[in-house]
Amino acid sequence: MELKHSVALVTGGNRGIGEAFVRAFLAAGAERVYVGARDPANAQHLVDEGGGRVIAIALDVSKPEQIEAAAKQCQDVNIVVNNAGQFTMQTLLTAPDMSGAREEMEVNYFGPLAMSRAFAPILARHSESAIVNVLSAGGIVAVPGMGGYSPSKFAARAMSTCLRGELAPQNTSVIALIVGSVDTRMASHVDGAKETPDSVAQVGLKAIRRGSDEIDTDYMAVEVRAHLARDPKGQELQMRRSLSGGPVSTGR
């Protein structure tokens, strides 16, 4: 798929991995990039730098009316990057109630699903199009310290597979990005080496060009998958032990 002259929409595009995607699309020659943010003012720096090619829109993926409004406004989109995410930093049993887990599922699973449903008819107008779901190594190995975040990413990964089958007839790729530890605000509590958001975005663009189904974006994601294939029980225990220094997390 050619990225030059493409039109992309990036949810959670005002910072972290989302912002890196916006910049990467611009550098690749995208005609326009819509930046979805809960507060469009937080994306003004990208609008100012975009030379007229960046448009900030109000988009909270947990609000159906804002998704509907985005679909009406962004009729020229041929790439959707579902990057917006939520991590409440609570475990399933120690959280005071289930509101955090519900919020994580709402943003990390139902949000991308709603975006895909709203934009599928728009993507169908193009000879080539793509949906990119920014997921997590916590979506291939369950991490107890990540509470509802890890299960929501498992669900989003399964959703990606189902959507891929449904959208194949209209030539819309559905790409699952498995992200490890990245230097973003969401992962600020994590110790150790972290990838840059820019490197993750570059892998994402390569995946779009190739029409990949699922790809690991960084060393940690590759390592987790390799250990999982070799020793599933051992990898699960390793992920649990890593919680002694704080939860392993990906971020936006």
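Note that the structure is predicted; figures quoted are calculated from it, not measured.

Undergrad: When you look at the confidence of the model for the chain in this model, what are you seeing that I'm missing?
TA: Predicted coordinates in areas of low pLDDT are best not read in detail. Averaged over all residues, the pLDDT of the chain equals 90, while 88% of them reach at least 70. Ignoring residues within four places in sequence, the model shows residues 243–252, a span with pLDDT below 50, making 45 contacts including any to other chains.

Undergrad: Help me understand the environment of T11, please; the structure alone is not making it clear to me.
TA: Looking at the secondary structure, you find T11 in strand β1 (residues 7–11). For T11, a relative accessible area of 2% gives the class buried. Residues within four places of T11 in sequence aside, it is in contact with G36, L59, V61, V81, N82, N83, A84 and M115.

Undergrad: For this particular structure, what's the right way to read the packing of helix α1 (residues 16–27) against helix α6 (residues 197–210)?
TA: Axis separation between α1 and α6 bottoms out at 8 Å; the angle between their running directions is 55°. Between α1 and α6, the angle is such that the two are oblique. Between α1 and α6 lies a crossing of right-handed hand. On α6, the residues that touch G16, I17, A20, F21, A24 and F25 of α1 are P197, D198, V200, A201, Q202, G204, L205 and I208. Tallied by class, the residues present in the contact of α1 with α6 amount to 10 nonpolar, three polar and one charged.

Undergrad: Sorry if this is basic, but what is going on with the environment of A58 here?
TA: Following the sequence through the fold, A58 ends up in strand β3 (residues 54–58). In this structure the C-alpha to C-alpha distance between A58 and A70, which are 12 residues apart in sequence, comes to 7.9 Å. Residues within four places of A58 in sequence aside, it is in contact with A37, P40 and Q66.

Undergrad: Explanation requested: the nonpolar core in the structure shown.
TA: One broad trend across soluble globular proteins is that nonpolar side chains are buried collectively. The biggest cluster of nonpolar side chains holds 35 residues, and the ones touching the most others in it are L9, L59, V77, M115 and F119. Mapped onto this core, the elements with two or more residues apiece are β1, α3 (64–73), α4 (99–123), α5 (149–167), β6 (172–178) and α7 (219–230). When residues in this core are grouped by element, the largest group, seven residues, is from α4. Non-local contacts of V77, meaning those with residues more than four positions away in its chain, are made with V7, L9, Y34, F119, I122, L123 and H126. With 34 residues, the next largest nonpolar core counts M1, I17, V203 and L205 among its residues.

Undergrad: Explain unusual backbone geometry to me, please; I cannot follow it from the model alone.
TA: Of note in the backbone geometry, H5 takes a positive phi value of approximately 70° without being a glycine. Topologically, H5 is positioned in the segment before β1. Backbone geometry places M89, a non-glycine residue, at a positive phi of 60°. Considering the arrangement of structural elements, one finds M89 in the loop between β4 (79–82) and α4. Owing to a relative accessible area of 49%, M89 belongs among the partly exposed residues under this scheme.

Criteria and cut-off values
- Residues numbered from 1 in each chain as written.
- Predicted model: local features only at pLDDT ≥ 70, side-chain atom pairs only at ≥ 80, totals over all residues.
- Heavy atoms only, no water.
- pLDDT = per-residue confidence, 0-100.
- Contact = heavy atoms within 4.5 Å.
- Helix = DSSP H or I, 4+ residues; strand = E, 2+ residues; numbered from the N terminus.
- Buried < 20%, exposed > 50% of the residue type's maximum accessible area, 1.4 Å probe, protein only.
- Axes fitted to C-alpha atoms, helices over the stretch in contact; angles between N-to-C directions.
- Parallel < 35°, antiparallel > 145°, perpendicular 65-115°, else oblique.
- Left-handed = near helix turned anticlockwise from the far one by under 90°.
- Nonpolar A, V, L, I, M, F, W, Y, C, P; charged D, E, K, R; others polar.
- Core = buried A, V, L, I, M, F, W, Y, C linked by side-chain atoms within 4.5 Å.

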